[in-house]
Amino acid sequence: DAGVIQSPRHEVTEMGQEVTLRCKPISGHNSLFWYRQTMMRGLELLIYFNNNVPIDDSGMPEDRFSAKMPNASFSTLKIQPSEPRDSAVYFCASSDWTSSYEQYFGPGTRLTVT
Amino acid sequence: SQKIEQNSEALNIQEGKTATLTCNYTNYSPAYLQWYRQDPGRGPVFLLLIRENEKEKRKERLKVTFDTTLKQSLFHITASQPADSATYLCRGGGADGLTFGKGTHLIIQP
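In what follows, the accompanying structure is described. What you see is a predicted model, and the numbers here were worked out from it, not measured in a lab. Here the residue numbers are simple positions, counted from 1 along each chain's written sequence. Lettering for chains starts from A, numbering for ligands starts from 1, and both go in the order in which the items are written. Only residues with pLDDT of at least 70 are given local features in this predicted model, and only at 80 or more are side-chain atom pairs given and counted; all residues enter the totals for whole chains, interfaces and linings. Computation of side-chain values covers all heavy atoms of the structure but excludes hydrogens and water.

1. So, the overall build of chain B
Part 1 of the argument: Secondary structure follows DSSP: runs of H or I at least 4 residues long count as helices, runs of E at least 2 residues long count as strands, and numbering of each begins at the N terminus. Of the regular secondary structure elements, chain B holds zero helices and eleven strands.
Part 2 of the argument: When its helices and strands are written in sequence order, chain B yields β-β-β-β-β-β-β-β-β-β-β.
Part 3 of the argument: Both definitions apply: the radius of gyration is a C-alpha atom measure, and the globule rule equals 2.2 Å times residues to the power 0.38. Its C-alpha radius of gyration of 13 Å places chain B within 12% of the 13 Å reference for a compact globule of 110 residues.
Part 4 of the argument: Dimensions of chain B along its principal axes, counting C-alpha atoms only, are 40 × 30 × 20 Å.
Part 5 of the argument: When accessible area is computed with a 1.4 Å probe and restricted to protein chains, residues below 20% of their type maximum are described as buried, those above 50% as exposed, and intermediate ones as partly exposed. Relative to its full complement of 110 residues, chain B shows a buried share of 44%.
Part 6 of the argument: Put simply, of all contacts in chain B between residues at least 6 apart along the chain, 55% involve residues at least 24 apart.
Part 7 of the argument: Each accessible area value is a Shrake-Rupley result obtained with a 1.4 Å probe; residue values ignore everything except the protein chains displayed when judging cover. Of the roughly 5600 Å² of accessible surface on chain B, a fraction of 46% belongs to carbon and sulfur atoms.
Part 8 of the argument: Side chains of chain B carry 14 positive and 11 negative charges; the gap between the two charge centres is 2 Å. A contact between two residues is defined here by any heavy atoms of the two lying within 4.5 Å. Under the convention used here, Asp and Glu are negative, Lys and Arg are positive, and both His and the chain ends fall outside the count. For the purpose of locating charges, the reference atoms are NZ of Lys, CZ of Arg, CG of Asp and CD of Glu.

And the structure:
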């Protein structure tokens, strides 16, 4: 298995631009999580989906952030418009919540907003 | 707000000794706690899970405890090796929500 796949691995953009991060979970997993990691705040849960349905989006910072999961094998996290304070590493993770609470993380996307 | 707290200072341990990391939780009642390892530039990797009704779990050189009275989990690495150097994250889960601590950076010195 290839594990959780994220793209791009690095993204540099200017303030005000739209950013789209992509994630392909492990095949067969039914839960998907989006996290943001910074030195100051650590690893923060933004939103998670069970069976493609958003369950908890209370961690989404504001309306500039949105996430979708149109099918079991793909999810996006969009920031529009982006701001310098959005600079962080964004991780996607997946799990099979029916059998285990173990989460498998992707390699992350390092976002820099200038 | 619910919090998972880990010692933010780096922990330096001599090779061969036991490393002990602490995870405390407040305003929170996790049904389980997990420990993850994170290396620079990589995503966290799951190590161990312990449920609230379990006192202790072991896996090879790793041991984790869960004390609901003290609201604390301890993570031990015995016979530590330089390859164990990494950041270790504690995560709580259950009906009370999912929360990660900021992690403790462990350095094993040869």
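2. Considering the interface of chain B and chain A
Part 1 of the argument: On the chain A side, the residues contacting the 16 residues of chain B number 17 residues.
Part 2 of the argument: Salt bridge, as used here, is a side-chain nitrogen of Lys or Arg placed within 4 Å of a carboxyl oxygen of Asp or Glu. Between chain B and chain A we count zero salt bridges in total.
Part 3 of the argument: For the purposes of these results, a polar contact is taken to be a pair of N or O atoms within 3.5 Å, where, inside protein, one atom must be able to donate a hydrogen and its partner to accept one; residues adjacent in sequence count only when each atom of the pair is a side-chain atom. On inspection of chain B and its partner chain A, the count reaches four residue pairs in polar contact (both at pLDDT 80 or more).
Part 4 of the argument: Those elements giving two or more residues to the side of chain B that touches chain A turn out to be strand E4 (32-38), strand E5 (45-51) and strand E9 (86-93) of chain B.
Part 5 of the argument: Among the elements that take part in the side of chain B that touches chain A, E4 of chain B stands out by supplying four residues, more than any other.
Part 6 of the argument: Class assignment for the residues of the side of chain B that touches chain A results in eight nonpolar, four polar and four charged. Three categories are distinguished: nonpolar for Ala, Val, Leu, Ile, Met, Phe, Trp, Tyr, Cys and Pro, charged for Asp, Glu, Lys and Arg, and polar for the others, with Gly belonging to the last.

3. Considering the side chain of histidine 29 of chain A
All names here are of chain A.
Part 1 of the argument: Along the chain, the position of histidine 29 falls in the loop between strand E3 (19-24) and strand E4 (31-38).
Part 2 of the argument: Engagement of the side chain of histidine 29 in a polar contact is seen with the backbone nitrogen of serine 95, the distance being 3.3 Å.
Part 3 of the argument: Ignoring any residue separated from it by four or fewer positions in sequence, one finds histidine 29 in contact with Ser94, Ser95, Asp96 and Tyr104.

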